[in-house]
Amino acid sequence: MAKINFGGVVENVITREEFPLDKAKEVLKDETLVVIGYGVQGPGQALNLKDNGFNVIVGQRKNSTTWEKAVADGWQEGIGLFEIAEACEKGTIIMNLLSDAGQISVWPIMKAHLTAGKCLYFSHGFGITFHDQTGIIPPKDIDVILAAPKGSGTSLRRMFLAGKGLNSSYAVFQDATGKAKERAIALGIGIGSGYLFETTFKKEVYSDLTGERGVLMGAIAGVFEAQYNVLRKHGHTPSEAFNETVEELTQSLMPLVAENGMDWMYANCSSTAQRGALDWRHKFREATKPVFEELYQNCYRPYLEVLRDFPRLKTSVHFTGPLLEWIKNNHSDLLKQIKDMVAEGRLEIISGGFYEPLLSFIPEEDALGQIRMMNDFIRAEFDFSPRGLWLAERVWNPDLPRIISAAGLEYTILDDTHFYYAGLEEKQISGYFITEKLGSPLNVFPISKTLRYSVPFDLPEKTLAHLRRYKDELGFDGVTYADDGEKFGGWPETYKWVYEENYLRRFFASLQDNEDWIETLTFGEYLDRSGPTSRIYLPMASYDEMMEWS
């Protein structure tokens, strides 16, 4: 086993020199490899295995676009391409390369064919790590392994065709046959890996999720957009802005970094580029502080100052834990203002995961710990016991009532999208509903998408017309509006509209002027005053736009 020094830490790695392709083929000579899923990773891994001389077939839903894609890639029906159940029956190593959601839906079919001695393979540890939510619990008499290329299936295939290998991690979750590790390494070599680094299913998931939200997608997309826009603002042509922002990084610098490392890159770039790294990295590292400050000045403070001038209006608010800590450390006067409004009964603080995680995707003990951490902070700083939870990105899992209830909370807020998925019509989605998991109840308020699109973008009169329709035409007793606070000054151009042009004052005034038929309440007050509309069981979902993006 080779050793590589990573920043002073010596790690064991598997290379193609010590575990050559011939050895991998010998390990898997009696195996039938079944690739289930032909979307992102499936094509690259299946074609590389086929070209490397392994016995591999593909399982896919017939008459789907991915079935047609497999046919176009040369897989013949009845020879190398089968329906999922038939393919799983034929295979000894079932390579589960479906999307996370696809793995959940196909699991009952796949599990039925996982007989003793077979092997279940993944390229992402999500389904196994979060088995409480996915239901993917493999039989004890099979091997469960992972080989995860550090890139897309397209990159894996392109590098294979160029005679190169993409680094991958490998892991063993369950070794029933005594051959699990050897199988994992052989498959890693077979799919076209360069170096193979040992990991665990759980570590692979957390590192992957962090990377996709950070450097790999979130950060790089934001930095690209920011630099491009600044160059265009100052008169540079689109081509020049693009070349300096995207082209030079992706086509020149990053391939050199991938080939030689960052130290080499520093040593072999211009002196101005070196100064750029030395002089500017600290500024980028500290960039989050002005972002918080801008949001504070343009959004959080002015919103509460306007609300304070309308003493008969009541609302519920949620802040992330890091934002509350930042406000406490940098603007303690605002924290006191919030506490005073809570004491007056005008403001209700909504809890949540302290660091705003997607609760459905982290272990239950971590989810409970995050909620309790936020509950404790709210009690300590505002002398208030929260009753509700704001669910990050409104990502719902049917098991959440048990977790949220165990944290001592009574309600959460979801989009009406979730209720449409449960089969309801608009006229039925009013007030709040009650759901449960294993006897643990939770009240759920449905957010009106109509209001979410109207406030704060329409004139107040138009929003009132929507409210009038809910009351008079649909007979609603209560309707929920809830959305990101950043829309009130944080989104582009909204500060001018909301505050400089006095939208928010006009909107609050219109609510207060129509108190003969409109009453604003906190969620807690509505719970105490009204019973649930009905019982409901909601499917796994998020808000409408997120479902489309994902």
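Our structure's up above, just so we're on the same page.
Residues numbered from 1 in each chain as written. Predicted model: local features only at pLDDT ≥ 70, side-chain atom pairs only at ≥ 80, totals over all residues. Heavy atoms only, no water.

Asks: Sorry if this is basic, but what is going on with the overall build of the protein chain here?
Replies: The number of helices and strands found in the protein chain is 26 helices and 16 strands. Taking all 550 residues of the protein chain together, 47% fall into the buried category. When contacts within the protein chain are restricted to residue pairs at least 6 apart in sequence, long-range pairs at least 24 apart make up 71% of them. Accessible area for the protein chain stands at about 27,000 Å²; split by element, carbon and sulfur atoms hold 53% of it. (Helix = DSSP H or I, 4+ residues; strand = E, 2+ residues; numbered from the N terminus. Buried < 20%, exposed > 50% of the residue type's maximum accessible area, 1.4 Å probe, protein only. Contact = heavy atoms within 4.5 Å. Areas by Shrake-Rupley, 256 points an atom, 1.4 Å probe, with all protein chains shown as cover.)

Asks: Got a minute to help me understand the environment of Arg452 in this structure?
Replies: In this structure, Arg452 sits in helix H21 (residues 449-454). Residues Arg452 and Asp484, spaced 32 residues apart in sequence, show a C-alpha to C-alpha distance of 9.4 Å.

Asks: Would you mind going over the nonpolar core with me for this structure?
Replies: As a rule of thumb, soluble globular proteins bury nonpolar side chains together. Ile338, Leu504 and Phe508 are the most contacted members of the largest nonpolar core, which totals 43 residues. Those elements that provide at least two residues to this core are helix H15 (288-308), helix H16 (321-330), helix H17 (332-343), strand S12 (347-349), helix H18 (364-382), helix H22 (460-472), helix H23 (494-500) and helix H24 (503-513). Looking at which element gives the most residues to this core, the answer is H15, with 6 residues. Once residues within four sequence positions are removed from consideration, Ile338 is found in contact with Leu304, Phe319, Leu347, Ile349 and Phe382. Counting 35 residues, the second-largest nonpolar core is a separate cluster that includes Ala24, Trp75, Tyr121 and Ile191. (Core = buried A, V, L, I, M, F, W, Y, C linked by side-chain atoms within 4.5 Å.)

Asks: I tried to follow unusual backbone geometry on my own but got confused; where do I start?
Replies: Peptide bonds are mostly trans, and most non-glycine residues show a negative phi. The omega angle of the peptide bond from Val455 to Pro456 is 5°, so this bond is cis rather than trans. By the secondary structure assignment, Pro456 is in the loop between H21 and H22. A positive phi angle, close to 55°, is found at Glu356, a residue other than glycine. One can find Glu356 in the loop between S12 and H18. Unusually for a residue other than glycine, Asn502 sits at a positive phi of about 65°. With respect to the element layout, Asn502 can be found in the loop between H23 and H24.

Asks: Would you explain the pairing of strand S14 (residues 411-415) in this entry?
Replies: The two faces of a sheet get side chains in turn, since along a regular strand they alternate between them. Of all 5 residues in S14, 5 are buried, a share of seventy percent or more. Burial along S14 is two-sided: the face carrying Tyr411, Ile413 and Asp415 and the face carrying Thr412 and Leu414 are both buried. As paired elements, S14 and strand S16 (residues 440-447) share 5 bridges and run parallel to each other. What sits directly across from Tyr411, in S16, is Asn443. (Pairing = 2+ DSSP bridges.)

Asks: What is the right way to read the side chain of Asp458 from this model?
Replies: Relative to the elements of secondary structure, Asp458 occurs in the loop between H21 and H22. The buried charged residue Asp458 lacks any salt bridge partner; its closest oppositely charged side chain belongs to Lys462, at an N-O distance of 4.2 Å. (Lys, Arg positive; Asp, Glu negative; His and termini not counted. Salt bridge = Lys/Arg side-chain N within 4 Å of Asp/Glu carboxyl O.)

Asks: Where do I start with the sheet that holds S14 in this structure?
Replies: Neighbouring strands of a sheet are bound in pairs by backbone hydrogen bonds; such pairs are parallel or else antiparallel. The 4 strands lie next to each other as S13-S14-S16-S15, forming an open sheet whose pairing is mixed. This sheet does not close on itself; its edge strands, each paired only once, are strand S13 (388-389) and strand S15 (433-437).

Asks: What am I meant to see in the pattern of salt bridges here?
Replies: Should the charged atoms of two oppositely charged side chains come close, the side chains can pair. On inspection of all chains with the given rule, the structure shows 28 salt bridges. Of the charged contacts in the structure, one is a salt bridge between Glu410 and Arg387, with a shortest N-O distance of 2.8 Å. Of this pair, Glu410 sits in the loop between helix H19 (400-406) and S14 while Arg387 is found in the loop between H18 and S13, placing the two residues 23 residues apart along the sequence. By relative accessible area, Glu410 is classed as partly exposed at 32%. The partner of Asp528 in a salt bridge is Arg387, and the shortest N-O contact between them spans 2.9 Å.

Asks: How should the environment of Leu335 be read in this particular structure?
Replies: Relative to the elements of secondary structure, Leu335 occurs in helix H17. Owing to a relative accessible area of 7%, Leu335 belongs among the buried residues under this scheme. The sequence separation of Leu335 and Phe382 amounts to 47 residues, and the corresponding C-alpha distance is 8.2 Å. Sequence-distant contacts of Leu335, that is, excluding residues within four places in its chain, are made with Leu324, Ile327, Lys328, Glu381 and Phe382.

Asks: What is the right way to look at the packing of H16 against H17 in this model?
Replies: The interhelical angle for the contact between H16 and H17, taken along N-to-C directions, is 115°, at an axis separation of 5 Å. Facing Leu324, Ile327, Lys328 and Asn330 of H16, the residues of H17 in contact are Ser332, Leu334 and Leu335. Among the residues forming the contact of H16 with H17, the class breakdown is 4 nonpolar, 2 polar and 1 charged. (Axes fitted to C-alpha atoms, helices over the stretch in contact; angles between N-to-C directions. Nonpolar A, V, L, I, M, F, W, Y, C, P; charged D, E, K, R; others polar.)

Asks: Help me understand the packing of H16 against H18, please; the structure alone is not making it clear to me.
Replies: Two measures define how a pair of helices packs: the angle their axes make with one another and the distance between the axes. Closest axis-to-axis distance for the H16/H18 pair is 11 Å, and the angle between their directions is 25°. When the axes of H16 and H18 are compared, the pair comes out roughly parallel. Read as a crossing pair, H16 and H18 show a hand that is left-handed. Contacts between H16 and H18 involve Gly321, Leu324, Glu325 and Lys328 from the former and Met374, Phe377, Glu381 and Phe382 from the latter. A per-class count over the contact of H16 with H18 returns 4 nonpolar, 1 polar and 3 charged. (Parallel < 35°, antiparallel > 145°, perpendicular 65-115°, else oblique. Left-handed = near helix turned anticlockwise from the far one by under 90°.)

Asks: Please explain the pairing of strand S6 (residues 93-96) as it appears in this structure.
Replies: Neither face of S6 is exposed, since Ile93 and Met95 on one face and Ile94 and Asn96 on the opposite face are all buried. Alignment of S6 against strand S7 (residues 119-122), held across 4 bridges, turns out to be parallel. Across the sheet, the residue bridging to Met95 is Tyr121, located in S7. Taken together, S6, helix H5 (residues 100-111) and S7 form a β-α-β motif whose crossover is right-handed. (Right-handed = clockwise from strand over helix to strand, strands pointing away.)

Asks: Explanation requested: H17 in the structure shown.
Replies: Because an α-helix completes one turn every 3.6 residues, residues spaced three or four positions apart along the sequence face the same direction. Taking 1.5 Å per residue, 12 residues should reach 16 Å; H17 reaches 17 Å between its end C-alpha atoms and fits that length. Every buried residue of H17 is listed here: Leu334, Leu335, Gln337, Ile338, Met341 and Val342. Projected down its long axis, H17 carries its buried residues within an arc of 160°, all on one side. Residues Lys336 and Ala343 are exposed on H17 and point more than 90 degrees away from its buried face. Gly345 lies just past H17 and shows a positive phi near 80°. (Expected span 1.5 Å × (residues − 1). Arc of directions from axis to C-beta.)

Shape descriptors only; they carry no functional weight alone.
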